[in-house]
Amino acid sequence: ESLLGNAGKVTHPVISSVLYLTGGGGGKHDEENDASTTENEAKEGGVVAGSTIVFDQTPASEEVASQAWIGHARDNAFLNFPGNLLHGVLPCAGGREEEDDDKKRE
């Protein structure tokens, strides 16, 4: 980040990686109903983390991404991808812990 601020140069690692130590659901996987599984885990107070999305686009791309891949947040999940690809964390439903904290503040 300092190189970007000082010299205006964007740098990146050769390989980026994401390791979910915990992601919610204890490694359960339901291909047909991923969204509902995550929402149910949140309602039950489980740990829920946002999944990672990786686009086939770099900061130097002149066109928007045509493909994207999602690394789901599951216990012990590992994802690696070329470090120059744009990526981010998708929003998640959250857990009961947050809701309980909000109620305490009211």
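Values in this document were obtained by computation on a predicted structure and should not be read as measured data.

Q: Sorry, what's going on with the overall build of the protein chain here?
A: Within the protein chain, the secondary structure is distributed over 3 helices and 5 strands. Start at the N end of the protein chain and walk to the C end: the helices and strands fall as α-β-α-β-β-β-β-α. Split into buried and exposed, the 106 residues of the protein chain put 25% on the buried side. Per element, the accessible surface of the protein chain, about 7,800 Å² overall, is 49% carbon and sulfur.

Q: Can you help me understand the pairing of strand E1 (residues 15-20) in this one?
A: Looking along a regular strand, one sees the side chains alternate between the two faces of the sheet. Of the two faces of E1, only the one carrying Ser16, Val18 and Tyr20 is buried; Ile15, Ser17 and Leu19 on the other face are not. Taken together, the 6 bridges between E1 and strand E4 (residues 77-82) define a ladder with antiparallel strand orientation. Counterpart to Tyr20 in the pairing with E4 is Ala77.

Q: Where do I start with the nonpolar core in this structure?
A: Soluble globular proteins: nonpolar side chains tend toward being buried together. Residues Val18, Tyr20, Val54, Ala73, Ala77, Phe81 and Leu85 constitute the largest nonpolar core, which totals 7 residues. Secondary-structure elements contributing two or more residues to this core are E1 and E4.

Q: Explain the environment of Val10 to me, please; I cannot follow it from the model alone.
A: As for its placement among the helices and strands, Val10 is situated in the loop between helix H1 (2-7) and E1. For the pair formed by Val10 and Ala60, sequence separation is 50 residues and the distance between their alpha carbons is 9.5 Å. Residues in contact with Val10, not counting those within four places in the same chain, are Leu4 and Pro59.

Parameters at a glance
- Residues numbered from 1 in each chain as written.
- Predicted model: local features only at pLDDT ≥ 70, side-chain atom pairs only at ≥ 80, totals over all residues.
- Heavy atoms only, no water.
- Helix = DSSP H or I, 4+ residues; strand = E, 2+ residues; numbered from the N terminus.
- Buried < 20%, exposed > 50% of the residue type's maximum accessible area, 1.4 Å probe, protein only.
- Areas by Shrake-Rupley, 256 points an atom, 1.4 Å probe, with all protein chains shown as cover.
- Pairing = 2+ DSSP bridges.
- Core = buried A, V, L, I, M, F, W, Y, C linked by side-chain atoms within 4.5 Å.
- Contact = heavy atoms within 4.5 Å.

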